[in-house]
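Remarks on the overall topology
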Amino acid sequence: MSPARFFGLALALAALLRAPAQSLLPAGPWGTIAVYEIDLQPPDEAIRHHSLPIAREWAVLAADDTAVDGFFARAGLEPGLRHTLLAHGHRDPADPSFWVVEPPDATRRDLDAATRAQLYHALAQYWRNGVHVLPLPVPTSAAAWALANLNPTLRAAISQLSFERRGQSVLVDADLLIPLVRDDAELLRLKRFFSTTHALQLELQRSSLAHRDSLIRYWSLPGLRSPADVIAWLDQSPELPAVDLWNLLPSNARRLYNAFMPPQSGGRLYNCFWASLNFAAYPPDNQLLVTEDLDHDCAAYAFERLQREYEIVSPPFQFGDQMALINRAGEEATLEHVMTYIAADIVLTKNGYSPTRPLVFMRVKDVLAAYPTPVPLQLTVFRRRAAP
């Protein structure tokens, strides 16, 4: 059995173990769609190859140690703490414009929540501090904590190290949790706790057949297989109350949907840019894959393609539109995430490039919560330009 197939099957088993809560999307040209909430957890095979982020270095853009001290002072740190940090800092020989501070583990551990939030917000202005920019969201549901079954010391440490950003509980210093883990089984549960994806399963209901023509128009994409066959299948199968919306996705999306995909040849990883800009493309553009050492700026390449091949649109949006999260806080706008519009407030999204994050259906608000950047990202919607 191939790794990709193994990952996908393990996911299916994880999803089926949860009882979904059903609701309906608002009425629209997409038909009547039932929504089921599911929690997807990576299989052990994916988790074993996944590492929690490490935040043992802080990078600060500063000319000298006086400027570094000023940075920490503006972040609200007391003189004694600033002195400790300066004693553990040095100019980065690879990039002299930055100072690198290696704070003692005890210093990071003992920060109070308010100081941690303010300091890590300041560090997040520099993309070199990647986990400060995009910290780990901390699950808050009682069910998630119960399923993780972590020892009391580890639970208390997660609570102590967590802080709030834009209304969400997040965590940066995950590496400080590792010494508190009792055994390999608990380490797997800890990784899975931070890798759980809250997702949706969507089903097109039989009642949608009352508007068959508009249904076919909505779910059609230029140059791809017509959805008429799937809709006819529902029509001609009276025993079927609905069909899974997976059947209406293009082939690339069907292959990645709800699957934990391992790295491809050369360690290249699937990510949001590959999944979204290849949503209706064949063959796919593999320049959008990324390696773990980020040696290829696929975000800049994806942004260039969006601006060249697509146009910005306003509501109503259409199936297959690309919804981009753009950071406009700096001198140049940067593309942080892309997801594909499906219907109502639902998108198809792969949040990040980790193999522990599958391509899933989510609500837009939940995707935004998965990107707790220090400044809000601008949501811009693109539609592919019609062929000349």
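Here, the structure is the one placed above.
The following refers to the structure shown. In this text the structure is predicted, and so the values were computed from the model without any measurement.

Right, let's talk about the sheet that holds strand β4 (residues 89-91) for a bit. Taken in spatial order, the three strands line up as β3-β5-β4 in an open sheet, and their pairing is antiparallel. Looking at the sheet topology across the chains shown, the edges are occupied by β3 (58-61) and β4. Sheet twist, expressed as the mean angle between neighbouring strand axes with direction ignored, is 25°. Of the strand pairs in this sheet, β4 and strand β5 (residues 98-101) are connected by three bridges, and their pairing is antiparallel. Its bridge partner being in β5, His-90 is matched across the sheet by Val-100. Seen against the sheet, helix α3 (residues 65-74) touches β3 and β5 and runs at an angle of roughly 65° to β5.

A word on the nonpolar core. Soluble globular proteins tend to pack their nonpolar side chains together in the buried interior. Of all hydrophobic cores here, the largest spans 72 residues; its most connected members are Trp-219, Ile-342 and Phe-361. Among residues more than four places away in sequence, those in contact with Ile-342 are Tyr-218, Trp-219, Leu-245, Leu-249, Phe-319, Val-347, Leu-348 and Phe-361. By size, the runner-up hydrophobic cluster in this structure holds 24 residues, among which are Ala-55, Val-60, Phe-98 and Val-170.

With that out of the way, let us pick up unusual backbone geometry. A cis amide bond links Tyr-282 with the next residue in sequence, Pro-283, at an omega value of -5°. Position of Pro-283 among the secondary structure elements: in the loop between α14 (272-277) and β12 (290-291). Cis geometry is found at the peptide bond from Pro-315 to Pro-316, where omega equals 0°. The topology assignment puts Pro-316 in the loop between β13 (310-312) and β14 (322-327).

The next point concerns the sheet that holds strand β8 (residues 168-171). Across the sheet, three strands lie side by side as β6-β8-β7; this open sheet has antiparallel pairing. Each edge of the sheet is formed by a strand with only one pairing partner; in this case those strands are β6 (136-137) and β7 (163-165). Pairing geometry for β6 and β8, over two bridges, is antiparallel. Within the sheet, the bridge partner assigned to Pro-137 lies in β8 and is Val-170.

This next bit is on the pairing of strand β17 (residues 359-363). Where burial is concerned, most of β17 is hidden: five out of the five residues are buried. With burial as the criterion, each face of β17 is covered, one bearing Leu-359, Phe-361 and Arg-363 and the other bearing Val-360 and Met-362. Pairing of strand β16 (residues 346-350) with β17 involves five bridges; the strand directions are antiparallel. Its bridge partner being in β17, Leu-348 is matched across the sheet by Phe-361.

Under the counting rule described, the total for this entry stands at 19 salt bridges. Across the pair Arg-56 and Asp-175 runs a salt bridge whose closest N-O atoms are separated by 3.5 Å. Taken together, the positions of Arg-56 in the loop between α2 (44-48) and β3 and Asp-175 in the loop between β8 and α10 (184-195) put the pair 119 residues apart, joining distant regions of the chain. Put simply, Arg-383 and Asp-321 hold a salt bridge, and the shortest N to O gap is 2.8 Å. You can see Arg-383 sitting in strand β18 (residues 378-384) and its partner Asp-321 sitting in the loop between β13 and β14, a full 62 residues away along the chain. Asp-321 carries the same exposure label as Arg-383, and that label is buried. Each member of the salt-bridge network shares a partner with another, and the members are Arg-56, Asp-105, Arg-108, Arg-116, Asp-173 and Asp-175.

It is worth spelling out the side chain of Glu-186 at this point. Mapped onto the elements, Glu-186 comes out in helix α10. Here Asn-151 takes part through its backbone nitrogen, which lies 2.7 Å from a polar atom of the side chain of Glu-186. Setting aside residues up to four positions removed in sequence, Glu-186 forms contacts with Asn-149, Leu-150, Asn-151, Leu-154, Leu-180 and Val-181.

Applying the stated rule across the entire model yields 16 aromatic pairs. Among the aromatic residues, ring-to-ring pairing joins Trp-58, Phe-71, Phe-72, Phe-98, Tyr-120, Tyr-126 and Phe-163 into one connected group. Its guanidinium or amino end placed over the ring of Phe-98, Arg-128 lies 4.8 Å from that ring's centre, counting from NZ or CZ. One cation-aromatic arrangement involves Arg-254 over Trp-246; the distance from NZ or CZ to the ring centre is 5.7 Å.

It is worth spelling out the pairing of strand β2 (residues 33-40) at this point. On any regular strand, side chains alternate: one points to one face of the sheet, the next to the other face. Burial analysis of β2 places six of its eight residues in the buried class, the great majority of the element. As defined by bridge partners, strand β1 (residues 22-24) adjoins β2 across three bridges and the pair is classed as antiparallel. Bridging across to β2, Gln-22 finds its partner in Tyr-36. As defined by bridge partners, β2 adjoins strand β9 (residues 197-205) across eight bridges and the pair is classed as antiparallel. What sits directly across from Glu-37, in β9, is Leu-200.

Let's shift gears to the environment of Leu-377. Examined against the element boundaries, Leu-377 turns out to sit in the loop between α16 (364-369) and β18. Measuring from C-alpha to C-alpha, the distance between Leu-377 and Thr-340 comes to 17 Å, with 37 residues separating the pair along the chain. Setting aside chain neighbours within four positions, we find Leu-377 in contact with Leu-325, Ile-326, Asn-327, Glu-336 and Tyr-371.

Cut-off values and rules
Residues numbered from 1 in each chain as written. Predicted model: local features only at pLDDT ≥ 70, side-chain atom pairs only at ≥ 80, totals over all residues. Heavy atoms only, no water. Pairing = 2+ DSSP bridges. Helix = DSSP H or I, 4+ residues; strand = E, 2+ residues; numbered from the N terminus. Axes fitted to C-alpha atoms, helices over the stretch in contact; angles between N-to-C directions. Contact = heavy atoms within 4.5 Å. Core = buried A, V, L, I, M, F, W, Y, C linked by side-chain atoms within 4.5 Å. Buried < 20%, exposed > 50% of the residue type's maximum accessible area, 1.4 Å probe, protein only. Salt bridge = Lys/Arg side-chain N within 4 Å of Asp/Glu carboxyl O. Polar contact = N/O pair within 3.5 Å; in protein donor to acceptor, adjacent residues only side chain to side chain. Phe/Tyr/Trp six-rings, centres within 6.5 Å; stacked < 30°, edge-to-face > 60°. Lys NZ or Arg CZ within 6 Å of the ring centre and 35° of its normal.

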